[in-house]
Amino acid sequence: PRSATFVGDNVLEININALSNQKASSYTAIFNIVQTGKTADETNSLLNARLDPFLAELKSMGIPASDVYVDMVNFLPKYEYDVSKKLFSKKTYTEIPKGFEMQKNVHIRYTNPALLDRIVTAAARQEIYDIVKVDYFVDEPQKVYAQLRETTFQYLKQIENQYKTIEIGRA
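Residues numbered from 1 in each chain as written. Predicted model: local features only at pLDDT ≥ 70, side-chain atom pairs only at ≥ 80, totals over all residues. Heavy atoms only, no water.

## As for the overall build of the chain
Then, in step 1: When you go through the chain residue by residue, the secondary structure sums to 3 helices and 6 strands.
Then, in step 2: The linear arrangement of helices and strands in the chain, starting from the amino end, is β-β-β-α-β-β-α-β-α.
Then, in step 3: Its C-alpha radius of gyration of 29 Å places the chain more than 25% over the 16 Å reference for a compact globule of 171 residues.
Then, in step 4: Expressed as lengths along the three principal axes of its C-alpha atoms, the size of the chain is roughly 95 × 60 × 20 Å.
Then, in step 5: Burial statistics for the chain: of 171 residues in total, 23% are counted as buried.
Then, in step 6: Pairs at least 24 apart in sequence give 71% of the contacts found in the chain among residues at least 6 apart.
Then, in step 7: A total of about 12600 Å² of accessible surface is found on the chain, and carbon and sulfur atoms cover 53% of it.
Then, in step 8: Each charge class in the chain was averaged separately, 21 positive and 21 negative side chains, and the resulting centres sit 4 Å apart. (Helix = DSSP H or I, 4+ residues; strand = E, 2+ residues; numbered from the N terminus. Rg over C-alpha atoms; globule rule 2.2 N^0.38 Å. Buried < 20%, exposed > 50% of the residue type's maximum accessible area, 1.4 Å probe, protein only. Contact = heavy atoms within 4.5 Å. Areas by Shrake-Rupley, 256 points an atom, 1.4 Å probe, with all protein chains shown as cover. Lys, Arg positive; Asp, Glu negative; His and termini not counted. Charge placed at Lys NZ, Arg CZ, Asp CG, Glu CD.)

## A short note on the packing of helix α1 (residues 40-60) against helix α2 (residues 115-125)
Then, in step 1: Two elements in contact, α1 and α2, have axes separated by 9 Å at closest approach and are oriented at 155°. As judged from the angle between their axes, α1 and α2 are roughly antiparallel. Of the two elements, α1 crosses α2, and the hand of that crossing is right-handed. Residues F54, E57 and L58 of α1 form the contact with α2, whose participating residues are I119, A122, A123 and R125.
Then, in step 2: Per-class residue counts for the contact of α1 with α2 are 5 nonpolar, no polar and 2 charged. (Axes fitted to C-alpha atoms, helices over the stretch in contact; angles between N-to-C directions. Parallel < 35°, antiparallel > 145°, perpendicular 65-115°, else oblique. Left-handed = near helix turned anticlockwise from the far one by under 90°. Nonpolar A, V, L, I, M, F, W, Y, C, P; charged D, E, K, R; others polar.)

## A short note on the pairing of strand β5 (residues 92-110)
Then, in step 1: Where strand β3 (residues 26-37) and β5 come together, 11 bridges link them in antiparallel fashion. Bridge pairing in β5 places A29 opposite I108.
Then, in step 2: Summarising the sheet, strand β4 (residues 68-84) and β5 pair through 16 bridges and their orientation is antiparallel. Counted as the bridge partner of V70 is V106 from β5. (Pairing = 2+ DSSP bridges.)

This is how it looks when you write it as structure tokens:
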């Protein structure tokens, strides 16, 4: 789109986009863990056998337990299909319970960006390979927005003065 458009005889509409690059004050990495098992108890035990050492290693890195959150994504029965011949059908597929699948997300908040490599390595040691995303956070974003607005208004004032100079030059 154009940055300036005439919308009437003496009306000019100006669009200004502003961007502020800020250093993140904290980060949150989210890892997904998937575990299957034959029973619900076995599935939960197998997942916790991977999760608990990972959480212990995070603590040894200096990440407090209050900065780690584990949430359940899903816990579903899994099925396999048995093919059998029936009198009126050549093939019939029947679901047979096979086991369970459990998924959990681990949210890890940290402030030192160099820590991510160590976190990923610790996760991989427990066969946790799925890093969903890393979110970046800035403290007091309203101050950043206020600064952006102020800078934008200053820029708009410069443009307005340029158009006044053009107008005076035409007169």
